[in-house]
Amino acid sequence: MTALDSLPPSDGRPELVVLRAIKLGDLLVAVPALRALRRAFPDHRISLATTAWLAPVVELLPAVDVHLAQQGFDHPIPVPAGVTDVAVNLHGAGPESEGLVAALGARRVIGHGGADGPTWIEGPVNERERWVRLLAAHGIPGDADDVAIDRPVEPPVVADAAVVHVGAFHGARHWPVDRFAAVVRGLQERGHQVVLTGGSEDVERAAAVAETAGLAPSAVLAGVLDLQPFAAVVAAARLVVTVDTGAAHLASAYGIPSVVLFGPAPPESWGPPASGPHVVLTDASVRRGDVFSEEPDPAILAVHPADVLAAVDGLDVHAR
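The text that follows walks through the structure, step by step, so that each part is easy to find.

**Here we look at the overall build of the protein**
Scanning the protein from terminus to terminus reveals 12 helices and 11 strands. Looking at the protein as a whole, 55% of its 320 residues are labelled buried. Long-range pairs, those at least 24 residues apart, make up 65% of the contacts in the protein between residues at least 6 apart in sequence. Only carbon and sulfur atoms are counted for the fraction: they give 54% of the accessible area of the protein, which is about 12,900 Å². Side-chain charges of the protein comprise 22 positive and 38 negative groups, with the mean position of each set lying 4 Å from the other.

Okay, here's the thing in structure tokens:
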């Protein structure tokens, strides 16, 4: 699915437009709401206005028919005013997102506030539940644990591996290289094939983990995989070890056992479904909470390799 700069010609169905223009993890926590919208409006064409580079993952969302390129709030949603039947604000409750949605001139608007919408909850609230709660207030039932997305059609470059994701957008979520290396060695001792993933900005970091752990350079997939091949590797994994980032949400989407290390962000808001095979590790008592800091948050530094490996053992994940 390609991110489009304008709404394509009508296919005869009424138009439903959803705004959710952030990053990978932010998109994936909205999946339960998107799936609920698909069930509630089976005869509508659903267009999702979200970040263009997420196109490979949007293609894996069965609830979405059209991907509209939306880079934050720097331009209107590319839909002519007056053609939208239902507009849904899954982005926030501020004037910027509300203004973009209002400009669509939709017959029905689903959002926070107003006569029908719930009050926005400040403070820690599970993000999947936030958006399901929004829809419920508008008479649309959903399940916050309904996180599944499609698997990529192309087979993964590696299957049945222990995926260790070493990257994060900001340093506040970085876990030390030597600790990742200790986890890699522990996973290998347990018989796992280990691969290291991350974005293009994480290549040097992943190489340092591999060198410290004695892992072959061929096991470093950071900077190598586009979003769909990355999703395919996660979907075929035995286990995922990651900080709180998009990799964690992909593991949730595919039901892959995961150990997720939390730093500045509260797991109460961004953690995996409690119903899944996932373990969260953090220390809230020392959390600084500055998500944009380039210094690791004390909450993630309180987690040690032994904690991660104990969590792996508790998940009872065995190598093939």
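**Let's talk about the nonpolar core**
Of all hydrophobic cores here, the largest spans 50 residues; its most connected members are V18, V88, L90, I149, L250 and Y254. Among the elements that take part in this core, helix α8 (residues 227-235) stands out by supplying 6 residues, more than any other. Contact partners of L250, with chain neighbours within four places excluded, come to L24, L28, I149, F230, A231 and V234. V166, F180, I300 and V308 belong to the second-largest nonpolar core, a separate cluster that totals 34 residues.

**Observations concerning the pairing of strand β4 (residues 66-69)**
Two faces make up the sheet, and in a regular strand the side chains alternate between them. Because side chains alternate across β4, one face comprises the buried residues V66 and L68, and the other comprises H67 and A69, equally buried. Inspection of the sheet shows strand β1 (residues 3-4) paired to β4 by 2 bridges, in the parallel sense. Its bridge partner being in β4, A3 is matched across the sheet by H67. In terms of strand pairing, strand β3 (residues 45-50) meets β4 through 4 bridges, oriented parallel. Counted as the bridge partner of L48 is H67 from β4.

**Description of the side chain of S97**
Mapped onto the secondary structure, S97 falls in helix α4 (residues 95-102). According to the relative accessible area criterion, S97 is buried, its value standing at 2%. Among the polar contacts made by the side chain of S97, one reaches the side chain of N89 at a distance of 3.1 Å. Once you skip the residues sitting within four places of it in the chain, S97 turns out to touch L19, F73, N89, H91 and G92.

**Some thoughts on the packing of helix α2 (residues 31-40) against helix α5 (residues 127-137)**
Contact pair α2 / α5: the axes reach a minimum separation of 8 Å and the direction vectors enclose 25°. Here α2 is positioned roughly parallel relative to α5, judged by the angle of their axes. Listed contacts from α5 to P32, A33, A36 and L37 of α2 are R128, W131, V132 and L135. Of the residues in the contact of α2 with α5, the class split is 7 nonpolar, no polar and 1 charged.

**Concerning the sheet that holds strand β6 (residues 108-110)**
Two pairing modes exist for strands in a sheet, parallel and antiparallel, and in both the strands are linked by backbone hydrogen bonds. What the 6 strands build is an open sheet, ordered β1-β4-β3-β2-β5-β6; its pairing is parallel. One side of each edge strand has no neighbouring strand; the edge strands of this open sheet are β1 and β6. On top of the sheet, α2 reaches β2 (15-19), β3 and β5 (84-89); it is set at about 160° to β3, its chief contact. On top of the sheet, α4 reaches β2, β5 and β6; it is set at about 170° to β5, its chief contact.

**Here's the deal with the packing of aromatic side chains**
Applying the stated rule across the entire model yields 2 aromatic pairs. Across from the ring centre of F169, 5.4 Å away, lies the NZ or CZ of K23, which sits over that ring.

**Description of the sheet that holds strand β10 (residues 258-261)**
The strand order β8-β7-β9-β10-β11 describes an open sheet built from 5 strands, whose pairing is parallel. Only two strands of the sheet have a single neighbouring strand rather than two, namely β8 (194-197) and β11 (278-281). Each strand axis lies, on average, 15° off the axis of its neighbour in the sheet, ignoring direction. Judged from the 4 bridges that link them, strand β7 (residues 162-165) and β8 form a sheet pairing that is parallel. Following the sheet pairing, H165 is matched in β8 by T197. Where helix α6 (residues 177-189) meets the sheet, its contacts fall on β7, β8 and β9 (239-243), and the angle it forms with β7 comes to roughly 180°. Lying on the sheet, helix α9 (residues 246-254) is in contact with β7, β9, β10 and β11; it crosses β9 at an angle near 150°.

**Re the pattern of salt bridges**
Counted according to the given criterion, the structure contains 10 salt bridges. The closest approach of N and O atoms between R13 and D11, which form a salt bridge, is 2.7 Å. With relative accessibility at 29%, the residue R13 sits in the partly exposed group. One salt bridge connects R107 with D85, and the closest N-O pair in it is separated by 2.5 Å. With R107 in the loop between α4 and β6 and D85 in strand β5, this pair connects stretches of sequence that are 22 residues apart. The buried category is assigned to D85, whose relative accessible area is 18%. Within the structure, one salt-bridge network assembled from shared partners comprises D11, R13, R38 and D65.

Reading the values: the criteria
Residues numbered from 1 in each chain as written. Predicted model: local features only at pLDDT ≥ 70, side-chain atom pairs only at ≥ 80, totals over all residues. Heavy atoms only, no water. Helix = DSSP H or I, 4+ residues; strand = E, 2+ residues; numbered from the N terminus. Buried < 20%, exposed > 50% of the residue type's maximum accessible area, 1.4 Å probe, protein only. Contact = heavy atoms within 4.5 Å. Areas by Shrake-Rupley, 256 points an atom, 1.4 Å probe, with all protein chains shown as cover. Lys, Arg positive; Asp, Glu negative; His and termini not counted. Charge placed at Lys NZ, Arg CZ, Asp CG, Glu CD. Core = buried A, V, L, I, M, F, W, Y, C linked by side-chain atoms within 4.5 Å. Pairing = 2+ DSSP bridges. Polar contact = N/O pair within 3.5 Å; in protein donor to acceptor, adjacent residues only side chain to side chain. Axes fitted to C-alpha atoms, helices over the stretch in contact; angles between N-to-C directions. Parallel < 35°, antiparallel > 145°, perpendicular 65-115°, else oblique. Nonpolar A, V, L, I, M, F, W, Y, C, P; charged D, E, K, R; others polar. Phe/Tyr/Trp six-rings, centres within 6.5 Å; stacked < 30°, edge-to-face > 60°. Lys NZ or Arg CZ within 6 Å of the ring centre and 35° of its normal. Salt bridge = Lys/Arg side-chain N within 4 Å of Asp/Glu carboxyl O.

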